[in-house]
Amino acid sequence: MQKIQTDCALCINCCGIDCYVEDGKLVKVEGTPDHWLNKGEICAKAKFLVEGTYSPNRLKYPMKKVNGKFERISWDQATTEIANKLAELKEKYGAHTLATWTGSVGVEHFEMAAFNQRFAKAYGSPNFFNPEGICFRTRILARQITFGRYPVEQPRNAKLIILWGHNPEDSYFPIGKDIRERLEKGELELVVIDVRKIPLAKQALYLQPRPGTDCAIALAMMNTIITEDLYDHEFVEKWCEGFDKLTEHVKKYTPERAEEISGVSAADIRRVARMFANTKEAAILEGVGHLNQYQNGLQTERAFNILIAICGKVDRPGGWVTCPQIRLADLRVPIEEKNLGYDEYPVFHQFNKRTPPYGSASMMTEAMISEKPYPIKAFISSGSNPALTFPDSNRFLEALKHLELFVSIDPYMTETSQLADYALPACTFLEETGIGGFPYAISHCVPYIMLRKKVIEPLYESKPIWWIWSQFGHKIGLGEYFPWKTDEEVAEHMFSTTGVTYQQLVDNPAGMYFGEIEYELFNRVGFATNSRKVELYSKEMERLGADPMPEHVEPEQSYVANPELANLYPETLLTGARNQEYIGAQMHDVPGLRALMGEPYAMIHPVTAKKYDIIDGEMMGVETQRGRIKIKARVTEDIRPGAVSIPHGWPQANVNLLLDSRVRDRVSGYITMRGNACRLVKIDPSR
Ligand SMILES: Nc1nc2c(c(=O)[nH]1)N[C@H]1C(S)=C(S)[C@@H](COP(=O)(O)OP(=O)(O)OC[C@H]3O[C@@H](n4cnc5c(=O)[nH]c(N)nc54)[C@H](O)[C@@H]3O)O[C@H]1N2
Ligand SMILES: Nc1nc2c(c(=O)[nH]1)N[C@H]1C(S)=C(S)[C@@H](COP(=O)(O)OP(=O)(O)OC[C@H]3O[C@@H](n4cnc5c(=O)[nH]c(N)nc54)[C@H](O)[C@@H]3O)O[C@H]1N2
Ligand code: SF4
Ligand SMILES: [Mo]
């Protein structure tokens, strides 16, 4: 049996794994014992990587839809026909008629996003979309607004962690494991602020807010910290811009007012504020997307930034620290044309004249449907399953009807691939050599890179993602942009700007770790904002038409903002809390994982259940203005009364049928995935 050390690209954590191969077949997966991150452990998903890889749901060959049915075709035919159609559509509608899309896999599979963008932009279209338009960009942008750079959580050095809208034991397995271990050793104090009483909350000071009110809590914590003179005077005086304005601004956010808004007691708010300000090594550890995917998401993130800043916890051990970033080669081709969303969401697209290389996802479906500002007629999705994961399936399905070409590239025959004109089989990360590890510190990870090694030969006719985009390129006359011939050449090129060679990564199979953090970096370089200071008050946000300091804004469908709607839909829908067993809509067909979590369920409190006469385990309806799904009830004390928490990505209970992509964060344009008004419906068992 051969052992191949590589990284697990199933999720953003990128743990180290040892893959065992016998006769060319993957037979076993274990954690790499000396990997700095997961130290030999792997989560439920990775334990079933063998079953997942050899799933009967693998897409074996390129398929073309003919008269509503898929037919097997050759790669040559598929790529030639798609290239010809793209050329025709460009002629007819202009290059911006192409939209390309990649999902969460495009975040940890670097070639995927790189080649996707390279093709779209070489073709002449600005329309590249990815999770940056719905998932984690808001947290990055808000921190760039505040600090001029992107400091991230450093939980391993913290003595106090506020887990704020984040359940890492499910979503960030190695971080969650670390937190639990340190808690058990007594090295750590924990505060959990979450609508659900997550397992870690049982060993923490636990605060349970009304959904979407976290910004008010953060503002009231600032109120306490300033009133009680607990802030870091030296840091504030030297490094913060707008403290006087902030002091005035937060006066109205007394803990008592925040209690009225959030339901968390004023005493608890004061207590947490004091603990946080008085613990030197303390950090807010928040969800990657969760609170950003509320209607006041960007401003909530700004409030967290400001809390960190006035307590002097930036660029200091255990707080939020600036990590060195490893820059992979940039494969993007420059393009002048504006992104979709540029005018509608100026903070997102124009902050300090920095234009992101992707459009607002919510505008993509709108443009397909309205043909404004121009028709989008071609859509290529890779590494994503938007038919299930796009936060408003109805809108996504409606948008598809307007297309003249729809291609889905995925190792599996997904719900999205089923709808496509062409379904093309991609390799899984185990079947191609590429970039591994995580060179950019996006969340609470530190940058490190690995060689993601080919473990097995591509199954069936699967092809590496770079090869597929390159074929489109060669066949449409853009061959000069795609000179690479092998996985290794691509990886070598992408590593060429990192200062690390391909050979060094071959020699260091557990990866190379660039964790050297310069504390108090500000003393050397200041902050990269216009004022060179931390901007508590952002003039640039004000110029772009947004509040310069965060305010509490009610989710527009909350019972406070819209009592009439609440008469019909009195409960609050929360979607997408992660389960360790699954990633996005993936792996639901893996028997080993199904044995652990066989079906989706909606968490509801006994008080909510009683109101509708629903018992634990019963199938019930959940309805919003957008639609209805049927799902099993899990009745538990571990959720706030009135909240209904449903995971996303399940075909038999697709929660995205309940969301409305027109309900958005007005600053970032993010589609609201939580805080929507809903109701439960007792299903008559006799019907
Ligand atoms: N209601 C609701 N909706 C949500 C969310 C929510 O919280 N609530 N969360 C949102 C967020 S944050 C995100 S990031 C998105 C995620 O949305 P998606 O990215 O669409 O989610 P996945 O189902 O993980 O899709 C990834 C796809 O990539 C495929 N894949 C895996 N490996 C490879 C590979 O190597 N090559 C190729 N070509 N394909 C590969 C998988 O088979 C899978 O089909 O969902 C969003 N949708
Ligand atoms: N196993 C697994 N891991 C994943 C993923 C996956 O699909 N599966 N997806 C990956 C992706 S794409 C992303 S973006 C991240 C997402 O990761 P996160 O955004 O960190 O999501 P969770 O860790 O599930 O934690 C979110 C918590 O927020 C709570 N919450 C909901 N509403 C509120 C509120 O209004 N206030 C407060 N305070 N809490 C609230 C929920 O109850 C939940 O416990 O995870 C990544 N990791
Ligand atoms: S948390 Fe699990 S799925 Fe994610 S990288 Fe680690 S082992 Fe793989
Ligand atoms: Mo995400």
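Further up the page is the structure itself.
Report follows, based on the coordinates. The shown structure was predicted, so the numbers you read here are calculated from the model rather than taken from an experiment.

With that out of the way, let us pick up helix α9 (residues 214-227). With 14 residues, α9 should reach 20 Å at 1.5 Å per residue; the first-to-last C-alpha distance of 20 Å fits that figure. Where burial is concerned, most of α9 is hidden: 13 out of the 14 residues are buried. At the exit of α9 stands Asp 229, carrying a positive phi of roughly 60°.

Let's shift gears to the environment of Arg 257. Topologically, Arg 257 is positioned in helix α12 (residues 255-262). Judged by its relative accessible area of 31%, Arg 257 falls in the partly exposed class. Spatially, the C-alpha atom of Arg 257 lies 47 Å from that of Gly 40, the residues being 217 residues apart in sequence.

Turning our attention to the site of ligand 3. Around ligand 3 sit Cys 8, Leu 10, Cys 11, Asn 13, Cys 14, Cys 15, Ile 42, Cys 43, Lys 45, Ala 46 and Phe 173, and those are all the residues in its vicinity. Here the shell around ligand 3 is built from residues that sort into nine nonpolar, one polar and one charged.

Attention shifts here to the site of ligand 1. Of all residues adjacent to ligand 1, which total 36 residues, the nearest are Ser 104, Ser 384, Thr 389, Ala 585 and Asn 656. A distance of 3.3 Å separates an oxygen atom of ligand 1 from a polar atom in the backbone of Gly 383. In this structure, an oxygen atom belonging to ligand 1 sits 3.2 Å away from a main-chain N or O atom of Cys 427. Here ligand 1 has 920 Å² of accessible area as a free molecule, and 96% of this is covered by the chains.

Looking now at the state of the cysteines. Scanning the entire structure with this criterion turns up zero disulfides. With no disulfide of its own, Cys 14 has Cys 11 as its nearest cysteine by sulfur position, at a separation of 7.0 Å. Residue class for Cys 14 comes out buried when judged on its relative accessible area of 1%.

Pairing within the open sheet is antiparallel, and its three strands lie in the order β18-β19-β20. The strands lining the two open edges of the sheet, one partner per strand, are β18 (434-438) and β20 (512-513). Pairing analysis gives two bridges linking strand β19 (residues 448-452) to β20, with the strands arranged antiparallel. Within β20, the position partnered with Ile 449 by the bridge is Met 512.

Note that Lys 313 resides in the loop between α14 (297-310) and β14 (320-321). Nearest to the buried, unbridged Lys 313 among oppositely charged side chains is Asp 232, at 7.2 Å. Engagement of the side chain of Lys 313 in a polar contact is seen with the backbone oxygen of Phe 276, the distance being 3.3 Å. Polar side-chain contacts of Lys 313 include one of 2.6 Å to the backbone oxygen of Thr 279. Not counting residues within four places of it along the chain, the set of residues in contact with Lys 313 comprises Phe 276, Ala 277, Thr 279, Lys 280, Ala 282, Ile 308, Gly 319 and Trp 320.

This part is about helix α16 (residues 361-370). By the criterion of burial, α16 is predominantly enclosed, with nine of the ten residues buried. Residues Ala 361, Ser 362, Met 363, Met 364, Thr 365, Glu 366, Ala 367, Met 368 and Ile 369 constitute the buried set of α16. Against β6 (98-102), β7 (128-129), β15 (378-382) and α18 (393-400) lie the buried residues of α16. Just downstream of α16 lies Glu 371, where phi reads positive at about 60°.

Taking burial as the measure, the five residues of strand β22 (residues 571-575) include five buried ones, the bulk of the element. Burial of the side chains of β22 extends over both faces: Glu 571, Leu 573 and Thr 575 are buried on one face and Thr 572 and Leu 574 on the other. Bridge analysis of β22 against strand β27 (residues 674-682) gives four bridges, and the strand direction is antiparallel. Each bridged residue has a counterpart across the sheet, and for Thr 572 the counterpart in β27 is Ala 677.

Time to look at unusual backbone geometry. Here Lys 372 and Pro 373 are connected by a cis peptide whose omega angle stands at 5°. If you trace the backbone, Pro 373 turns up in the loop between α16 and β15. For Cys 14, which is not glycine, the phi torsion reads 55° and is therefore positive. Checked against the element boundaries, Cys 14 lands in the loop between β1 (2-7) and β2 (16-22).

Here we come to the packing of aromatic side chains. Evaluation of the coordinates by the stated rule reveals 27 aromatic pairs. Between the aromatic rings of Trp 469 and Phe 472, the centroid separation amounts to 5.6 Å while the plane-to-plane angle is 90°, which identifies the pairing as edge-to-face. With Trp 469 and Phe 472 both in helix α20 (residues 465-475) and three residues apart, this pair spans about one turn of that helix. For the pair shown, Trp 469 and Phe 472 are each scored as buried. Taken together, the aromatic side chains of Phe 115, Phe 119, Tyr 123, Trp 469, Phe 472, Phe 482 and Trp 484 make up a single cluster linked through ring pairs. The residue whose ring lies beneath Arg 143 is Trp 320, and the NZ or CZ to ring-centre distance is 3.6 Å. Directly above the aromatic system of Phe 276 lies the positively charged group of Lys 313, at a separation of 5.3 Å from the ring centroid.

With that out of the way, let us pick up the pairing of strand β25 (residues 628-635). Strand direction decides the pairing type here: strand β23 (residues 601-604) and β25, joined by four bridges, are parallel. Residue pairing for β25: Met 603 is matched across the bridge by Arg 634. Relative to β25, strand β24 (residues 619-623) is paired through five bridges, and the arrangement is antiparallel. Bridging across to β25, Glu 623 finds its partner in Arg 628. Between β24 and β25, which pair antiparallel in sequence order, lie four residues.

Let's shift gears to the sheet that holds strand β9 (residues 160-164). Strand order across the open sheet formed by four strands is β11-β10-β9-β13, with parallel pairing between neighbours. The sheet terminates laterally at β11 (205-207) and β13 (282-286), the two strands that pair on one side only. Ignoring strand direction, the axes of neighbouring strands in this sheet form an average angle of 15°. Relative to strand β10 (residues 189-193), β9 runs parallel, the two sharing five bridges. Paired with Leu 163 across the strands is Val 192, a residue of β10. Here α14 sits on the sheet in contact with β9 and β13, set at roughly 170° to β13.

Below, the discussion takes up the pattern of salt bridges. The tally for this structure, following the rule as stated, stands at 49 salt bridges. Between Arg 662 and Asp 660 there is a salt bridge, with the nearest N and O atoms lying 3.3 Å from each other. By relative accessible area, Arg 662 is classed as partly exposed at 42%. You can call Asp 660 buried: its relative accessible area is 17%. Residues joined by salt bridges that share partners form a network here, namely Arg 139, Arg 143, Glu 153, Glu 286 and Glu 301.

Our focus in this paragraph is the nonpolar core. With 143 residues, the main nonpolar core has Ile 179, Phe 379, Ile 409 and Leu 424 as its most contacted residues. In terms of residues, this core owes the most to one element, helix α5 (residues 110-123), which gives eight residues. Once you skip the residues sitting within four places of it in the chain, Leu 424 turns out to touch Leu 59, Pro 62, Trp 75, Ala 78, Ile 82, Val 407, Ser 408, Ile 409, Asp 410, Ile 468 and Phe 472.

What counts and how
Residues numbered from 1 in each chain as written. Chains lettered and ligands numbered in written order. Predicted model: local features only at pLDDT ≥ 70, side-chain atom pairs only at ≥ 80, totals over all residues. Heavy atoms only, no water. Helix = DSSP H or I, 4+ residues; strand = E, 2+ residues; numbered from the N terminus. Expected span 1.5 Å × (residues − 1). Buried < 20%, exposed > 50% of the residue type's maximum accessible area, 1.4 Å probe, protein only. Near = heavy atom within 4 Å. Nonpolar A, V, L, I, M, F, W, Y, C, P; charged D, E, K, R; others polar. Polar contact = N/O pair within 3.5 Å; in protein donor to acceptor, adjacent residues only side chain to side chain. Areas by Shrake-Rupley, 256 points an atom, 1.4 Å probe, with all protein chains shown as cover. Disulfide = S-S within 2.5 Å. Pairing = 2+ DSSP bridges. Lys, Arg positive; Asp, Glu negative; His and termini not counted. Salt bridge = Lys/Arg side-chain N within 4 Å of Asp/Glu carboxyl O. Contact = heavy atoms within 4.5 Å. Phe/Tyr/Trp six-rings, centres within 6.5 Å; stacked < 30°, edge-to-face > 60°. Lys NZ or Arg CZ within 6 Å of the ring centre and 35° of its normal. Axes fitted to C-alpha atoms, helices over the stretch in contact; angles between N-to-C directions. Core = buried A, V, L, I, M, F, W, Y, C linked by side-chain atoms within 4.5 Å.

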